[in-house]
Structure formats: C-alpha cells, structure tokens
Amino acid sequence: MRRALPYLAAVLATVLLAGTSSWGDDDAVAGDFLDGRQLRLMAPAAPGGGWDQTSREMQTALRDMVGRTEVYNVAGAGGTIGLSQFERYQGDATQLMVMGFVMLGAIESNDSPVTLAETTPIARLTTDYEVIVVPARSSVRGLPDLVERMRRNLGSVSFAGGSAGGAEQILTGLIADAIGEDPAGVNYVAHSGGGEALATLLSGRATAGLSGVSELEGQIKAGTVRPLAVSSTERLPSLPGVPTLKEAGVDVELANWRGVVAPAGIRPADERALEDLMVRMAQSAAWRETLQRRGWGDATLTGPAFDGFLGEEQKTVQDVLVKMGLA
C-alpha cells in the first residue's frame, strides 16, 4: 500500500508525548523563555490559506498561555520564500514558522537553497485531507470513471490544484502510479491558491480539481462541485457519503499535515519549552474547538518522533516528484 503517513507510529508517539507536558526545575517553562518578549508566527503564504488559518488559530489558542502574539505573512513559492527569510532568526526562540507537507514538495521542486535542515522541528499539529471534485454538471460520474479516462489517455485528463510540487500535484502522481500509469504524464495545472484552481475547474478548463476538504467543503455543500473521493484512511465525518480513494479502487492515502518549526540554533531548553507549549495548546479547549470548526484532524507529534516522521515524509515526497520529473 502506498501511504503518505505512518499512522501507527505517529499515534503511539503522540500518546507517549501527551504525558510529557512539564519539565524539570532547570528547564524553561512554556512561556517563561519569552522573558517578556512577543512570540511571532510566520505564515509563509498569502492570507486566507491553510498556513495562514493555522497561524491565526494558534494565535487565539495561545493567548491565555503567552499573551499577545504577532502573525505575519511571507507569500510565495510554496513557502520557500518564507523559509529563506526565516533563516535570519537563527537562535531566536521567539520565532515560529507554520509549515507542512506542501513545503516539503516546494523545497524539492523549487530546488530551494534553504531546507528544513536550517530549522528546529517543533511539532506536527493537524491533518487536512484532500478531496477530488468535478463540476456539478460533469459527465464524470465517479472516481472509477475518472480512472478509466486516465488509463485511456492520461494527458487528456487535466487536474486543477495548488502550487507546483504541493500536496495536490503529489496526490495526482501517486494516483497515476497506483493505477499503472506514468506519473510524469499527469496533466496538472498549478495555481497559487485554491480560489484560482476552483475558477479554472468551473470554467471547464480542467477535468477535475483537488484541494483540502476544509477549503472545498462549502462548494460541495452548495452543489457547485461534486466530490469523487477523499484521500483519508477512512470516510470523513464532514463528508460521510464520499468514499476514500481506496474504497473507490485506488490504493493511495495522503494527509496534508501542518506543523511548526523554530529557527536553527535555539537552546535545547527553549526547544523543549516550545514543544511543551505546543502540546499544551493542542490539549486546550480553544484548540479542540478549532479542530472541530475547521474539520482538521488532531495529529500532535513532537520530539524525536516528529523528526523521524519528517525524514520519512521527505523521502516519500522526493520519490514521487522524481517519478513526475519535478525533482
């Protein structure tokens, strides 16, 4: 089975870490390391997208723990422009950057000179699964129909999605590979945002569209688009009538997870304090309400388990992008 997430290891690690929310007397306590300074959160994308939403929800959930925080946006190139600017904060534990699966692909496809090796991984926080949709009036009746068209003429089936090398393009490559087609032959139309991709789909310039469930749920409920499948392991509570890719005959799973990193070179005590802060935030009532409202999955993971997870995800992304001729 082709999987984008090692769920069992992640769940076990999360359970173990959930109980480690305090440190010894010699260690920094979450919030104390700020020493009166403000915590700043970079969203390395334009306002309105998933990273921006995550940053602003974090800002709300952290208010009672660290006081006022600042969120700012640095858009462009799948987060790699923000990543390159984030490098300047080396050693500064008051800086955090939201990142995730999309950034892994952007680093590879953009041949970014700055990578996640120049950061300190802190925590994975959420998952947001992908959904494949077609216009409501499309003649494509289900995923098996779309797959049959891909097998008949792969290049004739066009997909509209987010940035090049991002979760949506990677998912199309995984699907092509799973059905025995060449991932390099996928006809993918990249966009800087979900709104532009939706406009391309509805204009008839793409056969199907892909985006995060939370970003397309409104359009699905409004009847503008019709969902074919979701990329989750099981059916989602928000879309109970939509099959998973596996149910529809394509053995692929993918979670568009999001997390946070700090700059490289921060003190070990500050790194532990930031991890502790993220765990406490993830357990807070405010954050639980956010997950429910946004339809995000809880995927809290910190410490060595998160480091290992990042390494596995980077290999998964690199492998599929090489097959697609993008890395």
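Quick caveat: nothing in here was measured; it's all calculated off a predicted structure.

Engineer: Looking at this structure, how should I read the overall build of the chain?
Structural biologist: For the chain, the count of helices and strands is twelve helices and twelve strands. Taken over the C-alpha trace, the chain has a radius of gyration of 20 Å; the compact-globule value for 327 residues is 20 Å, and the two agree within 12%. Projected onto the principal axes, the alpha-carbon positions of the chain cover approximately 65 × 40 × 35 Å. The buried share of the chain, taken over its 327 residues, is 54%.

Engineer: Please explain the packing of helix α2 (residues 50–61) against helix α11 (residues 285–294) as it appears in this structure.
Structural biologist: Angle between the axes and distance between the axes: these two values describe a pair of packed helices. Running from amino to carboxyl end, α2 crosses α11 at an angle of 150 degrees, the nearest separation of the two axes being 9 Å. Between α2 and α11, the angle is such that the two are roughly antiparallel. Both α2 and α11 take part in a crossing whose hand is right-handed. Together, Q53, E57, M58 and A61 of α2 and A286, W287, T290, R293 and R294 of α11 make up the contact between the two elements. A breakdown of the residues in the contact of α2 with α11 according to their chemical character gives four nonpolar, two polar and three charged.

Engineer: Hey, could you run me through the environment of A106 in this one?
Structural biologist: Take A106: it is sitting in helix α5 (residues 101–109). A relative accessible area of 0% places A106 in the buried class. Each C-alpha atom, one on A106 and one on A77, is 6.8 Å from the other, the two residues being 29 residues apart in sequence. Those residues in contact with A106 that lie beyond four places of it in its chain are A77, G78, T80, D111 and G165.

Engineer: Whenever I open this one, the pattern of salt bridges confuses me. Can you help?
Structural biologist: Working definition: two side chains of opposite charge can pair if their charged atoms are close together. Within the structure shown, the criterion is met by 15 salt bridges. Measuring nitrogen to oxygen at the nearest pair gives 3.4 Å for the salt bridge that ties R149 to D145. Of this pair, R149 and D145 both sit in helix α6 (residues 143–152), four residues apart, which is roughly one turn of the helix. Judged by relative accessible area, R149 falls into the partly exposed class, the value being 23%. The partner of E247 in a salt bridge is R235, and the shortest N-O contact between them spans 2.9 Å. Within this pair, whereas E247 is found in the loop between β9 (225–230) and β10 (252–253), its partner R235 is found in the loop between β9 and β10, the two being separated by twelve residues in sequence. Exposure remark for E247: the relative accessible area of 48% places this residue in the partly exposed category. One continuous salt-bridge network, built from bridges that share partners, spans E57, E289, R293 and R294.

Engineer: Please clarify how the nonpolar core should be interpreted in this entry.
Structural biologist: Here is a general trend for soluble globular proteins: nonpolar side chains tend to be buried in one another's company. Grouped together as the largest cluster of nonpolar side chains are 82 residues, with contacts concentrated most on M58, L143 and M278. With residues near it in sequence (within four places) discarded, L143 still touches I132, L228, A229, L245, A248 and V250.

Engineer: Hey, could you run me through the confidence of the model for the chain in this one?
Structural biologist: Should pLDDT be low for a region, the predicted coordinates there are not to be read in detail. When pLDDT is averaged across the chain, the result is 90; 91% of the residues are at 70 or more. Segment residues 1–30 is flagged for pLDDT under 50; beyond a separation of four residues in sequence, or across chains, it makes 59 contacts in the model.

Engineer: Would you take a moment to explain the packing of aromatic side chains for this structure?
Structural biologist: The relation between two aromatic rings is expressed through the spacing of the ring centres and the mutual angle of the planes. Inspection of every chain in the model, using the stated rule, returns five aromatic pairs. Aromatic pair F306 and F309: ring centres 6.4 Å apart, planes at 20 degrees, arrangement stacked. Placement of both F306 and F309 in helix α12 (residues 303–323) is noted, with a separation of three residues, approximately one turn of the helix. Positioned above the aromatic ring of Y72 is the side chain of R40, whose terminal nitrogen or guanidinium carbon lies 4.3 Å from the ring centre. When the ring centre of F309 is taken as origin, the NZ or CZ atom of R124, which lies over that ring, is 4.5 Å away.

Engineer: Sorry, what's going on with helix α10 (residues 268–282) here?
Structural biologist: Since one α-helical turn is 3.6 residues long, residues separated by three or four positions face the same way. Taking 1.5 Å per residue, 15 residues should reach 21 Å; α10 reaches 21 Å between its end C-alpha atoms and fits that length. Most of α10 sits out of view: eleven of its 15 residues are buried. Burial in α10 covers these residues: A269, D270, A273, L274, E275, D276, L277, M278, V279, M281 and A282.

Engineer: Explain the environment of R149 here, please?
Structural biologist: Counting along the chain gives 67 residues from R149 to G82, while the straight-line C-alpha distance between them is 39 Å. A distance of 3.1 Å separates polar atoms of two side chains, one belonging to R149 and the other to S139.

Engineer: Just checking my understanding: could you explain the environment of S231 for this structure?
Structural biologist: Relative to the assigned elements, S231 resides in the loop between β9 and β10. In sequence terms S231 and D32 are 199 residues apart; their C-alpha atoms lie 40 Å from each other. Not counting chain neighbours up to four residues away, the residues in contact with S231 comprise Y129, E130, L171, L245, E253 and L254.

Engineer: Is there a simple way to think about helix α9 (residues 213–222) in this case?
Structural biologist: Burial in α9 covers these residues: V213, L216, E217 and I220. Viewed along the axis of α9, the buried residues span an arc of 130 degrees, placing them on a single side of the element. Set apart from the buried face of α9 by more than 90 degrees, the exposed residues are G218 and A222. Positioned one or two residues after α9, G223 has a phi angle of 85 degrees, which is positive.

The rules behind these values
Residues numbered from 1 in each chain as written. Predicted model: local features only at pLDDT ≥ 70, side-chain atom pairs only at ≥ 80, totals over all residues. Heavy atoms only, no water. Helix = DSSP H or I, 4+ residues; strand = E, 2+ residues; numbered from the N terminus. Rg over C-alpha atoms; globule rule 2.2 N^0.38 Å. Buried < 20%, exposed > 50% of the residue type's maximum accessible area, 1.4 Å probe, protein only. Axes fitted to C-alpha atoms, helices over the stretch in contact; angles between N-to-C directions. Parallel < 35°, antiparallel > 145°, perpendicular 65-115°, else oblique. Left-handed = near helix turned anticlockwise from the far one by under 90°. Contact = heavy atoms within 4.5 Å. Nonpolar A, V, L, I, M, F, W, Y, C, P; charged D, E, K, R; others polar. Salt bridge = Lys/Arg side-chain N within 4 Å of Asp/Glu carboxyl O. Core = buried A, V, L, I, M, F, W, Y, C linked by side-chain atoms within 4.5 Å. pLDDT = per-residue confidence, 0-100. Phe/Tyr/Trp six-rings, centres within 6.5 Å; stacked < 30°, edge-to-face > 60°. Lys NZ or Arg CZ within 6 Å of the ring centre and 35° of its normal. Expected span 1.5 Å × (residues − 1). Polar contact = N/O pair within 3.5 Å; in protein donor to acceptor, adjacent residues only side chain to side chain. Arc of directions from axis to C-beta.

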